Amino acid sequence: MLEGSLKRQINLAIPVYTIIIIMTVAGAIGSEYFRTLNNYHNIIYRVAAIAIVSLGQTVVMLAGGIDLSVGNVLALSSCILATYNTSFGLFPTILVTLIIGLLIGVINGFGETKLGVPPMVMTLATMSIAKGLSLLIRPTPGGSIPYGMYKFFDYKWGLLSFPLILILLLGSTLFLIIHCTKFGRYIFCIGGNKLNAKKNGIPIVKIKITSYAICGLLAAIAGIIMSVRISSGDALIGETFALDSITAVVIGGTAMMGGEGGIVGTLGGALLIAMISNFLNLLGINPMTQYIIKGLILVIALAGKVKKSD
Amino acid sequence: MKFFNIFKRNLIVFSIYILLIIIAIVFYGLIIRLPLSKSIAHFLDLIRQVAPLSLISLGQTLVLLVGGIDLSVGAIASLANILSANFMKGEVSLIPISVFLTLTICILIGFISGIVIVKVKMPPFLITLAMSSVIRGAYLLYTGGAPRGGIANEFRSIAREWIGSPIGNAPGIFPVAGIVWIAVFVALLFAINKTIFGVELYAVGGNPRTAWLSGFNPNKFTIGIYMLSATLAGMSGLMHSALIGGALLHVGDPYLLDSIAATCMGGTTFDGGVGGIVGTIAGVLIIQLLNAITTIMGMKETGKYIVLGLLIIAILSINHLIASSRR
């Protein structure tokens with residue numbers, strides 16, 4: 001089967017969706033509150049940031065890279081937005097956060113392709129820099145978000161809400177980019193075999209930098225969502241995002257080495273990660289035990305994936 | 001000429017040591033401007049403080065050399081800190097048994113990670129990540145969020161005492177903690193350079209299939225390396241206990257990224273089989289010096305993160321230049 005084809009992608013995503021369905025059924029039986037519409041919206045709001053970060057991570061990982069800086073780019077954008085929107089106006093500030101996210105992505109890509117620094121180390125370094133900058137802007141959590149924006153993000157139309165629309169919009173755009181454009185094909189080529197891609201004249205530098213730029217931009221968007229959700233900026237808000245997004249991507253069926261997988265699985269992986277805490281909380285499980293259960297669910301999801309791909 | 005050849009072959013390691021010396025000179029000569037005897041005393045004290053980080057980084061280097069990565073070292077160090085304080089209860093007679101039990105548990109954790117990575121063939125990145133989540137849950141559950149116990153003063157002397165009588169500004173000739181980690185470093189260096197362990201380490205890291213065909217057992221060896229890394233992380237946790245004299249939650253967390261940063265600054269790559277522990281030590285000392293510089297200049301954490309990030313990019317791109325010019 002063609003690697004990167006839709007059918008292959010869906011096959012890879014089966015284990016994670018199976019676990020989600022099992023958890024949903026178990027949750028619906030085990031907890032009365034889990035069934036409510038309110039909880040559905042709660043999960044969607046929770047999933048939005050992690051899903052959007054993971055979408056960017058998927059693009060980078062498909063091209064054979066990895067981005068550890070997403071969490072701190074997210075935190076940086078939340079700090080910038082919450083701190084400067086009162087003095088510079090909302091829309092200019094949003095624009096600046098998006099540009100900074102994009103810029104950090106470009107630096108990541110530049111470092112990997114031009115300076116020859118391995119992606120894990122390069123993004124570790126930019127992560128450190130982004131963390132320093134966000135601590136510089138906001139040593140303590142604070143700042144404010146316009147109330148209108150908060151209201152807008154919280155507004156619900158039946159099953160639809162703004163975060164959900166954003167996920168679907170970004171997800172489908174990225175899906176189209178990956179599967180219907182030359183750029184998407186190139187990403188799979190580079191992830192599958194970099195040397196072959198180079199020999200076939202694929203512009204590796206350009207494609208890699210673009211993939212990191214997309215990832216940085218999406219991390220900045222997720223930072224705006226997080227910032228609105230907590231209505232302030234926090235320099236340490238993104239600490240778990242790097243690992244969570246990588247986990248979401250990998251349990252969604254994308255290979256660590258690249259060249260295989262896709263968006264469909266990643267959205268499932270992100271949903272699973274956001275659901276686990278909600279699910280365990282509603283079943284009344286002690287947060288300390290949750291760490292252990294999360295680790296085990298991760299291992300089980302991965303074991304299922306390993307069997308499927310063999 | 002012979003020296004020149006050694007220099008050429010180990011250009012990356014030499015360059016990181018030159019950088020360390022430059023940073024040290026800039027720090028002591030230009031920033032804080034201490035007289036030589038005081039500078040030496042301060043540097044020896046840095047060697048004392050760096051003990052937990054250098055132990056953990058040595059383990060991380062070994063894991064990276066066999067082509068893996070261990071993200072659970074931070075959690076293991078935190079666990080060792082909590083367990084040692086809990087078992088010791090501040091009493092001298094309980095020191096041996098608590099050290100023994102703590103290290104045994106750490107080795108067991110390394111064994112489990114290693115066996116899952118080798119047998120189920122899952123990416124080490126994610127298995128050790130899951131492991132760190134499990135360990136964190138386990139110690140939170142065990143302590144109930146409030147760690148108890150204490151470290152005996154006799155055990156704390158490992159991190160506090162110096163050998164010899166005070167000379168000049170230093171409380172002694174050399175810190176005991178420094179002797180501990182340098183002894184571990186020298187033992188590992190001996191094992192890598194003079195025994196079959198080193199051959200196997202680079203063979204398995206370079207190409208497990210070839211190593212297997214050459215009569216090594218890469219699976220067994222990889223499990224062993226994860227056990228060794230967990231042991232060193234446990235020792236680092238014990239050292240941290242001796243430094244702070246009690247149990248705290250999550251003390252090991254900052255060590256994780258620092259250990260990876262130190263290791264790759266020292267020239268070890270993520271593909272396995274390239275690099276070594278000598279460079280790692282320079283990386284560790286650079287990170288510790290950087291901590292000192294940013295603290296003294298009043299930049300606190302902010303400056304440390306930014307400078308560390310820029311330094312990593314600079315060093316790694318220089319390393320890349322050196323490596324590509326040789327080809």
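Residues numbered from 1 in each chain as written. Chains lettered and ligands numbered in written order. Predicted model: local features only at pLDDT ≥ 70, side-chain atom pairs only at ≥ 80, totals over all residues.

Visitor: I keep staring at the overall build of chain A and nothing clicks. Help me out?
Guide: When helices and strands are counted, chain A shows 13 helices and 2 strands. Computed over the C-alpha atoms, the radius of gyration of chain A is 19 Å, within 12% of the 19 Å expected from 2.2 N^0.38 for a compact globule of 310 residues. For chain A, the C-alpha atoms occupy an extent of roughly 55 × 50 × 35 Å along the three principal directions. In chain A, the share of contacts with a sequence separation of at least 24, taken over all contacts with a separation of at least 6, comes to 80%. (Helix = DSSP H or I, 4+ residues; strand = E, 2+ residues; numbered from the N terminus. Rg over C-alpha atoms; globule rule 2.2 N^0.38 Å. Contact = placed C-beta atoms within 7 Å.)

Visitor: Looking at this structure, how should I read the interface of chain B and chain A?
Guide: By a widely used convention, the size of an interface equals the accessible area lost when the partners come together. Contact residues are listed per partner, giving 36 residues for chain B and 34 residues for chain A. For the side of chain B that touches chain A, the secondary structure elements donating two or more residues are helix 7 (124-143), helix 13 (253-265) and helix 15 (300-326) of chain B. Looking at which element gives the most residues to the side of chain B that touches chain A, the answer is helix 15 of chain B, with 14 residues. A per-class count over the side of chain B that touches chain A returns 24 nonpolar, 9 polar and 3 charged. (Nonpolar A, V, L, I, M, F, W, Y, C, P; charged D, E, K, R; others polar.)

Visitor: For this particular structure, what's the right way to read the packing of helix 9 (residues 176-194) of chain B against helix 10 (residues 196-206) of chain B?
Guide: Helix-helix packing is characterised by the crossing angle of the two axes and by the distance between the axes. Residue and element names in this part refer to chain B. Two numbers describe how helix 9 lies on helix 10: the axes approach to 4 Å, and their chain directions differ by 75°. Classified by the interaxial angle, the pair formed by helix 9 and helix 10 is roughly perpendicular. Only Phe197, Gly198 and Leu201 of helix 10 make contact with helix 9, whose side of the interface consists of Ala191, Ile192 and Asn193. Per-class residue counts for the contact of helix 9 with helix 10 are 4 nonpolar, 2 polar and no charged. (Axes fitted to C-alpha atoms, helices over the stretch in contact; angles between N-to-C directions. Parallel < 35°, antiparallel > 145°, perpendicular 65-115°, else oblique.)

Visitor: It is not clear to me how the nonpolar core should be interpreted in this structure. Could you clarify?
Guide: The nonpolar side chains of a soluble globular protein tend to be buried, and buried together. Of all hydrophobic cores here, the largest spans 188 residues; its most connected members are A:Ile52, A:Leu218, B:Ile76 and B:Ile312. Apart from residues lying up to four places away in sequence, A:Leu218 is in contact with A:Ile52, A:Val53, A:Leu55, A:Gly56 and A:Leu170. (Core = buried A, V, L, I, M, F, W, Y, C linked by C-beta atoms within 7 Å. Buried ≥ 20, exposed ≤ 12 C-beta atoms within 10 Å, placed from the backbone.)

Visitor: Can you help me understand unusual backbone geometry in this one?
Guide: Trans is the prevailing form of peptide bonds, just as negative phi is the prevailing case for residues other than glycine. All names here are of chain B. Non-glycine residue Lys89 carries a positive phi angle of around 50°. Counting through the fold element by element, Lys89 comes out in the loop between helix 5 (73-88) and helix 6 (95-119). The class of Lys89 is partly exposed, set by 14 C-beta atoms lying within 10 Å. For His250, which is not glycine, the phi torsion reads 55° and is therefore positive. Relative to the elements of secondary structure, His250 occurs in the loop between helix 12 (218-244) and helix 13. Taking the number of C-beta atoms within 10 Å as the measure of exposure, His250 has 15 and is therefore partly exposed.

Visitor: Explain the environment of B:Glu301 to me, please; I cannot follow it from the model alone.
Guide: Residue and element names in this part refer to chain B. By the element assignment, Glu301 lies in helix 15. Under the C-beta neighbour-count criterion, Glu301 is labelled partly exposed, with 16 such atoms within 10 Å. Taking the C-alpha atoms as reference points, Glu301 and Thr61, 240 residues apart in sequence, are found 25 Å from one another.

Visitor: Looking at this structure, how should I read the confidence of the model for chain B?
Guide: Do not read the fine detail of predicted coordinates wherever pLDDT is low. Chain-level statistics for chain B give a pLDDT mean of 88 and a share of 99% at 70 or above. The ipTM value of the predicted complex is 0.83, and its pTM value is 0.87. (pLDDT = per-residue confidence, 0-100.)

Visitor: Is there a simple way to explain the packing of helix 3 (residues 70-88) of chain A against helix 5 (residues 119-137) of chain A in this structure?
Guide: All names here are of chain A. Where helix 3 contacts helix 5, the axes come no closer than 8 Å and their chain directions differ by 20°. Of the possible angle classes, the one that applies to helix 3 and helix 5 is roughly parallel. Note on packing geometry: the crossing formed by helix 3 with helix 5 is left-handed. For the pair helix 3 and helix 5, contact is made by Asn72, Val73, Ala75, Leu76, Cys79, Ile80 and Thr83 and by Met127, Ala130, Lys131, Leu133, Ser134 and Ile137, respectively. By residue class, the composition of the contact of helix 3 with helix 5 is 9 nonpolar, 3 polar and 1 charged. (Left-handed = near helix turned anticlockwise from the far one by under 90°.)

Visitor: When you look at helix 4 (residues 51-65) of chain B in this model, what are you seeing that I'm missing?
Guide: What sets the pattern is the α-helix's 3.6 residues per turn: residues three or four places apart point alike. Residue and element names in this part refer to chain B. Here helix 4 spans 21 Å end to end across 15 residues, near enough to the 21 Å set by a 1.5 Å rise per residue. Counting buried residues in helix 4 gives 15 out of 15 residues, a clear majority hidden from the surface. In the stretch just after helix 4, Gly67 is the one whose phi turns positive, near 85°. (Expected span 1.5 Å × (residues − 1).)

Visitor: Teacher, can you tell me more about helix 14 (residues 277-296) of chain B here?
Guide: All names here are of chain B. Relative to the 28 Å expected for 20 residues at 1.5 Å per residue, helix 14 spans 29 Å between its end C-alpha atoms, a close match to the ideal helical length. For helix 14, every residue scored as buried is listed here: Ile277, Gly279, Thr280, Ile281, Ala282, Gly283, Val284, Leu285, Ile286, Ile287 and Thr294. Tucked into the core, helix 14 has its buried residues touching helix 2 (11-31), helix 4, helix 9, helix 13 and helix 15. Directly beyond the C-terminal end of helix 14, a positive phi value near 75° is found at Gly298.

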